[in-house]
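# A structural walkthrough
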Amino acid sequence: MVQKFRTLLLTCLALTLTASLAWGAPLDAFTGKQGTIDIAGGTAHIPVMKEAAKRIMTANPEIRISIAGGGSGVGVQQVGEGLVQIGNTGRALSEAEVAKYGLVSFPFAIDGVAIVINPANGVDALTAEQVKGIYAGKITNWKQIGGADRAISLYTRDEASGTREVFFKKLLAKGDIATSANVVPSNGAMKTAVAQDPGAVGYVGIGYIDATVKAPSMDGMIPSQENAANGSYTVTRKLYMNTKGEPSALVRTFIDYLLTPEGAEIIRASGYIPLAQ
Amino acid sequence: MSVRESRIASLVLGASAIIVALAVLAVFAFLFKFALPVFTGGQGACILSGVWNPFKGQFGILPMLAASLCISLSALLIGWPLALGLCCCMHGFTPRPLGRFLSILLRGMTAFPTVVYGFAAIFLLVPVMREALGHGSGLNWATAALILSLVTLPTMTLVMDAGMHQTERRLRLTGAALGLNRQQVFSHLVLPACRSDLLAAAALGFARALGDTLIPLMLAGNAPQWPTAASDSIRTLTAHIGLVLATDSSSATYGSLFVAGCLLLLANMCVQLMLRTHLRTRGAA
Amino acid sequence: MLALVGVLLRNGTGALGQALFFDSVPPLAAITGQVPVWDGIWPACVGTLSLLALTMLLALGPGIGCGIYLASYASPRIKALLGFAIDLLAGVPSIVMGLFGFTLLLTLRHSAAPNAGPCLLLASCCLALLVLPVLVSTTRGALEALPRQLHLSGAALGLCRWKTMRHILLPAAARGILSGVLLAAGRAAEDTAVIMLTGAVANAGLPAGLTARFEALPFTIFYRSSQYRDALDLQQGFATTLVLLALSLALLAAATRLQRALDQRWQGIRTNRPTQHADRHA
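Keep in mind the model is a prediction, meaning the values are calculated, not measured.

Rules and cut-offs
- Residues numbered from 1 in each chain as written.
- Chains lettered and ligands numbered in written order.
- Predicted model: local features only at pLDDT ≥ 70, side-chain atom pairs only at ≥ 80, totals over all residues.
- Heavy atoms only, no water.
- Helix = DSSP H or I, 4+ residues; strand = E, 2+ residues; numbered from the N terminus.
- Buried < 20%, exposed > 50% of the residue type's maximum accessible area, 1.4 Å probe, protein only.
- Contact = heavy atoms within 4.5 Å.
- Areas by Shrake-Rupley, 256 points an atom, 1.4 Å probe, with all protein chains shown as cover.
- Lys, Arg positive; Asp, Glu negative; His and termini not counted.
- Charge placed at Lys NZ, Arg CZ, Asp CG, Glu CD.
- Domains from an automatic or database assignment.
- Buried area = accessible area lost by both parts, 1.4 Å probe.
- Salt bridge = Lys/Arg side-chain N within 4 Å of Asp/Glu carboxyl O.
- Polar contact = N/O pair within 3.5 Å; in protein donor to acceptor, adjacent residues only side chain to side chain.
- Nonpolar A, V, L, I, M, F, W, Y, C, P; charged D, E, K, R; others polar.
- Patch = residues over 30% accessible without salt bridge, like charges linked within 9 Å, V, L, I, M, F, W, Y side chains within 5 Å.
- Phe/Tyr/Trp six-rings, centres within 6.5 Å; stacked < 30°, edge-to-face > 60°.
- Lys NZ or Arg CZ within 6 Å of the ring centre and 35° of its normal.
- 1 Å grid on protein atoms, 1.4 Å probe; cavity = no way out; pocket = protein on both sides within 12 Å on 5 of 7 lines; lining within 4 Å.
- Points joined across faces, edges and corners; volume = space filled by probe spheres on them.
- Core = buried A, V, L, I, M, F, W, Y, C linked by side-chain atoms within 4.5 Å.

### Here's the deal with the overall build of chain A
Along the backbone of chain A there are ten helices and eleven strands. Principal-axis analysis of the C-alpha atoms gives chain A an extent of 65 × 65 × 30 Å. Looking at chain A as a whole, 56% of its 277 residues are labelled buried. Expressed as a percentage of contacts within chain A between residues at least 6 apart in sequence, the contacts between residues at least 24 apart total 75%. When the accessible surface of chain A is summed, it comes to about 11100 Å², and 59% of that surface belongs to carbon and sulfur atoms. A distance of 2 Å separates the average location of the 25 positive side-chain charges in chain A from that of its 23 negative side-chain charges.

Spelled out as structure tokens, the structure:
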């Protein structure tokens, strides 16, 4: 009995020790360093960046990290112009962008993009064909696809959004989006709109889905981060950090930090799937 | 000593006038400078066309211009009569305490941040509009125009009120001599006499409504289509700037942003010029 | 209006409290900046206040100076031209002003200052430009609305133009000028579009200087309303709205009090003994 207890105690101790090592170690990379890191770009990245910055700046107050949103386009532009050190994008860079600014990309997480509808909507499953029809403006009432008799109101994202780009390429296969579709500037605004409008259809990053909206299955695929990670949900994108040329030592440490187990934990807590290096 | 002081004073004052003038020039020069390459680069015709579909290479921002004008004009149509009415209330058509309360309320409203109106309207007005119009999403021309009229209301009312206050003071004795009471003085003497103030208030309200970004961005729906009905989701030039600022800086989408800025400036200049010519011709006559 | 405030109150009061401002950091440490605040709005409050102070610092001098110049120094031709320019500037939408700041920054980076970035100084310069016309036209309006006798009484006392201005006209117009300053401050405090493009960020801690990025309340509200992830975030958004509102109203109340005080002082003098007042100053 005592023996058993002692083993348990030892295991516990060992576990806490390794845990604390795992916790302490990645941040140690920042000791003795100082300087500023400015980050801008994709709005989906902000929670991850914020949490990482919080931990780093708490451990080492000599480092200042500022985080701005703005969207993937802003990320590319600002890092390219040298206004920030890290520009985040929710999509892979275009060749033109890489060529113009000499950017280097560091993917660090996977995010799924899912169709969302109002929770009061009876529709539980959609097919890609139906979604194309809806967004092209050919299907205009929920009763045409087995729902209640209510006009469909379309919501889409702005031209600079990485979420929109993934949706447009992977789900719509570059099909038409009706010009009468409402355009909202962010994931949160999309959620507010869809949560309030019983006839709404929109799309958000899976990390943003909560009880206020409903995500119907897509061609039989259930949109969840697990499924996005194991490949059974295919409307996904990677989240990238981009630097102009090779990153400086401090920026490099920041990027590496997000790829450590502690970084992975932050990414998971923000609702994304960490990308194993 | 005093001569020197006054010399310095006029120098300083002149200098500040020059600073202001330079600032105005700089704003205009920079925007036109950044808009010019768009036209010389051959994208001009494309941007000044009627269809916005960047994925098919169509970058027309004329629908946005139309939307901007429609929204601000309709906001003016709702807000201006209301402002006039409130002004009448404050000048003797209602009991004094109510008038005082109104004036305090209006001054408080000037301190209301725009973003607060937008934030609250999303949760308050949008669902109401959706049900009232029976279709659409509630993010539309009518919603944005209503809130914009509310935003511009205090500014317009206060400008009118300031003008009327002066005029009323000047005409009070005349009115009394004619044996008119306060209401009669107001409607027969003061109102006609301060037409230019009413116009200036309208111009100011129009400029505010035209220039507001957050209200249309949050409430008008931002669909790049021509406005045809009050329940249409439309995108104004200002919202357009906010939305496309984040795009790739080498694309025509990005170029359209500076053209949009210039169009806004031009629209404003037109309003100012119209106001000025009107006042001048009236003044001459 | 009442409904609006009511809804804000209902949704926001729940989140009002220490946690809203300072997150889990002890207030004293947070206020002095020893410990960075992450999820509270304290840095945004400080950001907005410093932005406001800097903007007014930049705008007051040229604004009021130019107003005085236009009211009594300028020739009719300059008056018409400059007046028109200022009316034009008044009509520049705030997002266009932000765009101007952004292009200015890009130009600066390609020429004089390659390391310049969006910052507090740039944002307040652009904001100053935005509120300048308000200052100029209210100052001018207040001076021009003064009764003609006041101008004459200065001349009659043998005062030069500047002395008349300094001792007679300016005190008399103080009320009007003050309301202009107030209007300008209100606009500077609430504007979102300009700072969105010139330096406000989602997270920067307390402002670290003129060349650092900063947080600001209006931007925080916009950001929270568009990026919230759960109900608490949204509730904090409402509460932030309340804080900004309280700040604006406090500004207004202070100015009104000041105005009333000035009014009493001046009205008593103006209606009774204008010349004595001028004498005393001269």
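### Examining the domain arrangement of chain A
All names here are of chain A. The assigned domain composition of chain A is domain 1 (2–109 + 239–274) and domain 2 (112–230). Using only C-alpha atoms to locate each centre, domain 1 and domain 2 end up separated by 30 Å. Listed per partner, the contact involves nine residues of domain 1 and nine residues of domain 2. Each partner contributes to the roughly 740 Å² buried at the junction of domain 1 and domain 2, and carbon and sulfur atoms together form 53% of this total. Run the count over domain 1 and domain 2 and you get one salt bridge. R91 is paired through a salt bridge with E165; the nearest N and O atoms lie 3.6 Å apart. Our count for the domain 1 to domain 2 interface comes out at one residue pair in polar contact (both at pLDDT 80 or more). Its residues assigned to classes, the side of domain 1 that touches domain 2 comprises three nonpolar, five polar and one charged.

### Brief notes about a nonpolar patch on the surface
All names here are of chain B. Together, L77, I78, L82 and L146 make up a nonpolar patch on the protein surface, roughly 360 Å² of accessible area in all. Per-element accounting of the nonpolar patch gives the leading share, three residues, to helix 3 (residues 62–93). Locating L146 in the fold gives a position in helix 6 (residues 141–177).

### A look at the pattern of salt bridges
When the charged atoms of two side chains lie near each other, side chains of opposite charge can form a pair. Applying the stated criterion to the full structure yields 18 salt bridges over all chains. One salt bridge in this structure joins R157 of chain A and D158 of chain A, with 3.5 Å as the shortest N-O distance. R157 of chain A gets classed as buried once you look at its relative accessible area, which sits at 6%. Given a relative accessible area of 7%, D158 of chain A falls into the buried group. Between R276 of chain B and D87 of chain C there is a salt bridge whose closest N-O contact spans 2.3 Å. Of this pair, R276 of chain B sits in helix 11 (residues 252–284) while D87 of chain C sits in helix 5 (residues 76–91), placing the two residues on different chains. Overall, the relative accessible area of 24% leaves D87 of chain C in the partly exposed class. Each of E51, R55, E262 and E265 of chain A takes part in salt bridges that share partners, so that together they form one network.

### Quick notes on the packing of aromatic side chains
For the structure shown, the criterion picks out seven aromatic pairs over all chains. When the centroid spacing of 5.6 Å and the interplanar angle of 75 degrees are considered together, the rings of F30 of chain B and F100 of chain C count as edge-to-face. Remark: F100 of chain C occurs in helix 6 (residues 94–110) and F30 of chain B occurs in helix 1 (residues 2–40); the pair is interchain, linking two chains. Overall, F30 of chain B belongs to the buried group, its relative accessible area being 18%. Judged by its relative accessible area of 5%, F100 of chain C falls in the buried class. When the centroid spacing of 5.9 Å and the interplanar angle of 75 degrees are considered together, the rings of W52 of chain B and F59 of chain B count as edge-to-face. Here W52 of chain B falls in the buried class, since its relative accessible area comes to 3%. The class for F59 of chain B is buried, based on a relative accessible area of 12%. A network of ring pairs unites the aromatic residues Y135, F167 and Y203 of chain A as a single cluster. Over the ring of F168 of chain A we find R164 of chain A; its NZ or CZ atom is 5.5 Å from the centre of that ring.

### Let's talk about helix 3 (residues 72–80) of chain A
Most of helix 3 of chain A sits out of view: nine of its nine residues are buried. In the segment just after helix 3 of chain A, G82 of chain A is the residue with positive phi, at about 80 degrees.

### Structural notes on the interface of chain A and chain B
Across the boundary between the two partners, chain A contributes 26 residues, which contact 29 residues of chain B. Summing the contributions of chain A and of chain B, the shared interface buries around 2200 Å²; its carbon and sulfur component is 53%. Between the two partners, chain A and chain B, sit two salt bridges. Note that E159 of chain A and R235 of chain B form a salt bridge whose closest N and O atoms lie 3.4 Å from each other. Where chain A meets chain B, there are six residue pairs in polar contact (both at pLDDT 80 or more). Going through the elements one at a time, helix 3, helix 4 (95–101), strand 6 (153–157), helix 6 (162–171), strand 7 (182–184) and helix 7 (187–196) of chain A are the ones with two or more residues in the side of chain A that touches chain B. Its residues assigned to classes, the side of chain A that touches chain B comprises nine nonpolar, nine polar and eight charged.

### A few points about empty space enclosed by the protein
Using the criterion set out here, one finds five cavities of 30 Å³ or more in the structure. Space inside the largest cavity adds up to approximately 640 Å³. In this structure, the largest cavity is lined by 34 residues; those nearest its centre are G69, G70, G71 and V74 of chain A together with M196 of chain C. Of all the secondary structure elements, the ones that give two or more residues to the lining of the largest cavity are strand 2 (63–70) and helix 3 of chain A, helix 10 (237–244) of chain B together with helix 10 (193–198) and helix 11 (217–227) of chain C. Examining the composition of the lining of the largest cavity, we find that five residues originate from one element, helix 11 of chain C, more than from any other. Partitioning the lining of the largest cavity into residue classes produces 19 nonpolar, twelve polar and three charged. By volume, the second largest cavity is sized at about 220 Å³. What lines the second largest cavity is a set of 20 residues, among which V184 and A189 of chain A together with I122, L139 and M218 of chain B lie closest to the centre. Among the elements of the structure, strand 7 and helix 7 of chain A, helix 5 (114–133) and helix 9 (214–219) of chain B together with helix 11 of chain C are those that each provide at least two residues to the lining of the second largest cavity. Of the residues forming the lining of the second largest cavity, the biggest block, four residues, is contributed by helix 7 of chain A. Here the lining of the second largest cavity is built from residues that sort into twelve nonpolar, seven polar and one charged.

### Points about the nonpolar core
Counting residues in each nonpolar core, the largest one holds 208 residues, and the members touching the most others are I65 and F254 of chain A together with M97 of chain C. With 14 residues, the top contributor of residues to this core is helix 4 (residues 42–73) of chain C. Counting residues in each nonpolar core, the second largest holds 29 residues, with V131, Y135, I152 and A178 of chain A among its members.

### Focus on the environment of M196 of chain C
Residues and elements named next belong to chain C. Relative to the helices and strands, M196 is located in helix 10. What makes M196 partly exposed here is its relative accessible area of 21%. Through-space distance from the C-alpha of M196 to that of A145 is 37 Å; in sequence the pair is 51 residues apart. Among all residues touching M196, those that are not within four sequence positions of it are F219 and F222.

### Here we look at helix 10 (residues 261–269) of chain A
Turning to helix 10 of chain A, its buried residues number three or more, namely E262, G263, A264, I266 and I267 of chain A. G271 of chain A occupies a position one or two residues after helix 10 of chain A and carries a positive phi of about 95 degrees.

### Section: the interface of chain B and chain C
Taken together, the contacts link 61 residues of chain B with 64 residues of chain C. Summing the contributions of chain B and of chain C, the shared interface buries around 5400 Å²; its carbon and sulfur component is 81%. The tally of links between chain B and chain C comes to one salt bridge. Taken together, the connections running from chain B to chain C amount to two residue pairs in polar contact (both at pLDDT 80 or more). Listing elements by their share of the side of chain B that touches chain C, those giving two or more residues are helix 1, helix 4 (96–110), helix 5, helix 6, helix 8 (195–211), helix 9, helix 10 and helix 11 of chain B. The element best represented in the side of chain B that touches chain C is helix 1 of chain B, accounting for 21 residues.

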